[in-house]
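Single-letter residue listing:
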Amino acid sequence: MNSNEIALVTGANKGIGREIVRRLGARGFTVYLAARNPGLGAAAADELAGEGFDVRFVQLDVTDVDSVEAAAKQVEADSGRLDVLVNNAGIVSEWDVAVADITAAQVREAYEVNVFGVVTVTQSFVPLLRRSPNGRIVNMSSGLGSLDLLSDPDGRLATQGLLAYSSSKAALNALTLVYASALRRDGIKVNAANPGLVPTDLNSRASVSRGDRTTADGALVPVLLATLPEDGPSGQFRGPGSLDEVIPW
Ligand code: NAP
């Protein structure tokens, strides 16, 4: 498939982000594999390019405004526009800490990447997305950010919630809805994906079972949202099994 479209995925040197790059590459996209670590990012991009995909490394730390603006300038110089932005980079800052002991510094650390990082990247790339006939932003959220699921007093999330992570993803969901409204007039769709639980470095310190879903399973819905047609939906929270799977906000 040759789409001639251009995508950028943050935090894509490993995990689900890397698999999203591979799948967009397989669909004929030119994909900027963005990573904060130049060695890891370039190695991942080289490996995927070696599989025959048009994958290009760009250095980008979502907490470093200068690196984000430099990456946007690089994409503009090389490609002139962006069709798809996947805000994938994310962290958990609080393993092995009881909720009541979590500090504001730990919450701030998670928000720097999961919330403020998304705003920094989105703000820098919207001008390039406006040049696309079908701009799409996919925010990598989580079921842990669903206020509906968190508000179930008998639910697993109410007892095992991650304060910083869950609230950062709830904030990301709110960003998704506000951006979706504001950017509708520009023809840019903004949706949130729930990749579902996938064992990756992100949750390697989790004490509960991480199941056996693969990064390919986790990449499924983000890629479907990244490749929505012009008349596709915006302001939706979908996954992990299919686009028909609606998660309550
Ligand atoms: P992962 O394997 O740990 O990958 C996270 C990626 O984010 C890494 O490439 C990491 O780079 C990058 N990153 C962290 N801080 C960054 C920063 N400041 N600037 C740029 N990149 C940064 O995790 P994953 O499981 O694939 O997670 C991908 C996304 O899916 C995250 O947003 C996560 O919250 C979400 N998600 C995951 C699951 C799951 O079960 N795995 C479930 C729901 C949602 P380094 O290698 O340099 O650290």
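Quick caveat: nothing in here was measured; it's all calculated off a predicted structure.

Enquirer: Looking at this structure, I do not really get the packing of helix H1 (residues 15-26) against helix H2 (residues 38-50). What am I missing?
Expert: For any two helices packed against each other, one specifies the crossing angle of their axes together with the interaxial distance. Put simply, H1 and H2 touch, their axes get as near as 10 Å, and they point 30° apart. Considering their axes alone, H1 and H2 lie roughly parallel with respect to each other. Both H1 and H2 take part in a crossing whose hand is right-handed. On H2, the residues touching Arg 18, Val 21 and Arg 22 of H1 are Ala 44, Glu 47 and Leu 48.

Enquirer: Quick question: what am I supposed to make of the site of the ligand here?
Expert: Taken together, 28 residues lie near the ligand, and Asn 13, Arg 36, Asn 88, Tyr 165 and Thr 200 sit nearest. For the ligand, an oxygen atom lies 3.0 Å from a polar atom in the backbone of Gly 11. Between Val 62 and the ligand, the recorded distance is 3.0 Å, taken from a backbone N or O atom to a nitrogen atom. In isolation the ligand offers 900 Å² of accessible surface; the protein chains occlude 93% of this area. Every element with two or more residues in the shell around the ligand is listed here: H1 and helix H7 (163-183). Considered class by class, the residues forming the shell around the ligand number 12 nonpolar, 11 polar and 5 charged.

Enquirer: Please explain the nonpolar core as it appears in this structure.
Expert: It is characteristic of soluble globular proteins that their nonpolar side chains tend to be buried jointly. Core analysis: the largest hydrophobic core is formed by 28 residues, its most contacted members being Val 9, Ile 20, Val 21, Leu 24 and Leu 33. Among the elements of the structure, strand E1 (6-9), H1, strand E2 (30-35), H2, strand E4 (84-87), strand E5 (136-140) and helix H8 (215-226) are those that each provide at least two residues to this core. Among the elements that make up this core, the one with the highest residue count is H8 (5 residues). In this structure Leu 33 touches Val 9, Ala 12, Asn 13, Val 21, Gly 41, Ala 44, Ala 45, Leu 48, Val 55, Arg 56, Phe 57 and Val 58, once residues within four positions along its chain are discounted.

Enquirer: For this particular structure, what's the right way to read H2?
Expert: Three- or four-residue spacings in an α-helix give side chains the same orientation, since the helix completes a turn every 3.6 residues. Between its terminal C-alpha atoms H2 stretches 18 Å, which fits the 18 Å expected from 13 residues at 1.5 Å a residue. Buried residues of H2: Gly 41, Ala 44, Ala 45 and Leu 48, and no others. Each buried residue of H2 lies within a common arc of 95° when the element is viewed along its axis, so the set occupies one face. Pointing more than 90 degrees away from the buried face of H2 are the exposed residues Asp 46 and Gly 50. On the buried face of H2, the contacting elements are H1, E2 and strand E3 (54-59).

Enquirer: Help me understand the pairing of E1 in this model?
Expert: Of the two faces of E1, the one lined by Ile 6 and Leu 8 and the one lined by Ala 7 and Val 9 are each fully buried. Sheet topology places E1 next to E2; 4 bridges connect them, and they run parallel. Each residue of the ladder has a partner; that of Ala 7, found in E2, is Val 31. Taken together, E1, H1 and E2 form a β-α-β motif whose crossover is right-handed. The pairing of E1 with E4 spans 3 bridges and is classified as parallel. Looking at E4, one finds that Val 9 is bridged to Val 86.

Conventions used here
Residues numbered from 1 in each chain as written. Predicted model: local features only at pLDDT ≥ 70, side-chain atom pairs only at ≥ 80, totals over all residues. Heavy atoms only, no water. Axes fitted to C-alpha atoms, helices over the stretch in contact; angles between N-to-C directions. Helix = DSSP H or I, 4+ residues; strand = E, 2+ residues; numbered from the N terminus. Parallel < 35°, antiparallel > 145°, perpendicular 65-115°, else oblique. Left-handed = near helix turned anticlockwise from the far one by under 90°. Contact = heavy atoms within 4.5 Å. Near = heavy atom within 4 Å. Polar contact = N/O pair within 3.5 Å; in protein donor to acceptor, adjacent residues only side chain to side chain. Areas by Shrake-Rupley, 256 points an atom, 1.4 Å probe, with all protein chains shown as cover. Nonpolar A, V, L, I, M, F, W, Y, C, P; charged D, E, K, R; others polar. Core = buried A, V, L, I, M, F, W, Y, C linked by side-chain atoms within 4.5 Å. Buried < 20%, exposed > 50% of the residue type's maximum accessible area, 1.4 Å probe, protein only. Expected span 1.5 Å × (residues − 1). Arc of directions from axis to C-beta. Pairing = 2+ DSSP bridges. Right-handed = clockwise from strand over helix to strand, strands pointing away.

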